[in-house]
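Okay, here's what each chain looks like letter by letter:
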Amino acid sequence: RGVRRVETWRTRCRLPVAVDITASFIEIMLNDAYLNPTEAPRSDNELRLMYAMAVVRLVNGIVDRSKAQKMSILERAQGLEWPQFFVDIRHDASHQNLPSLPVLRLAAQEAV
């Protein structure tokens with residue numbers, strides 16, 4: 001019910017990053033049969049893609065508030081005392097192979 005309410009808000013205005021991404025993580029978790037066995041299962045690849053995109057959006061949304069020039073995302077995150085765990089997952093998802101599903105689930109649970 002809460003996810004549907006946030007979906008409505010998304011159509012009306014720009015949401016704060018924390019609200020938007022939290023709702024995204026919850027929606028993904030509700031569609032993950034490992035965490036919510038009553039739902040129709042999504043493939044592991046679908047879940048990895050969804051979780052990874054949510055982590056990328058989370059890190060970008062938090063770190064982009066710090067518009068320090070010529071600083072890496074990691075340096076900006078460290079300046080904000082943001083956990084490197086999320087930055088590493090974002091880096092892997094963006095530039096390497098997608099992280100494993102257990103790692104992405106852990107990131108989602110930590111983020112929420």
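Everything in this summary refers to the structure shown in the same document. Since the model is a prediction, treat every value here as computed from it, not as a measurement.

## Describing the overall build of the chain
- Within the chain, the secondary structure is distributed over six helices and zero strands.
- Listed by position from the N terminus, the elements making up the chain come as α-α-α-α-α-α.
- Per-residue burial for the chain yields a buried fraction of 35% across its 112 residues.
- Considering only contacts in the chain between residues 6 or more positions apart, those separated by 24 or more positions represent 50%.

## Notes on the packing of aromatic side chains
- Here the structure, examined in full by the defined rule, presents two aromatic pairs.
- Between the aromatic rings of Trp82 and Phe86, the centroid separation amounts to 5.7 Å while the plane-to-plane angle is 35 degrees, which identifies the pairing as tilted.
- Overall, Trp82 belongs to the partly exposed group, its relative accessible area being 24%.
- Residue classification places Phe86 among the buried positions, given a relative accessible area of 6%.
- Relative to Phe86, the ring of Phe85 has its centre 5.5 Å away and its plane inclined at 65 degrees; by these criteria the two rings are edge-to-face.
- Three or more aromatic residues link up through ring pairs in this structure, and these residues are Trp82, Phe85 and Phe86.

## Details of the pattern of salt bridges
- One pass over the full model with this rule turns up three salt bridges.
- Among the salt bridges present, the one from Arg105 reaches Asp32, with a minimum N-O distance of 2.7 Å. Here Arg105 is found in helix α6 (residues 101-111), whereas its partner Asp32 is found in the loop between α2 (17-30) and α3 (44-63), with 73 residues between them in sequence.

Procedures and definitions
- Residues numbered from 1 in each chain as written.
- Predicted model: local features only at pLDDT ≥ 70, side-chain atom pairs only at ≥ 80, totals over all residues.
- Heavy atoms only, no water.
- Helix = DSSP H or I, 4+ residues; strand = E, 2+ residues; numbered from the N terminus.
- Buried < 20%, exposed > 50% of the residue type's maximum accessible area, 1.4 Å probe, protein only.
- Contact = heavy atoms within 4.5 Å.
- Phe/Tyr/Trp six-rings, centres within 6.5 Å; stacked < 30°, edge-to-face > 60°.
- Salt bridge = Lys/Arg side-chain N within 4 Å of Asp/Glu carboxyl O.

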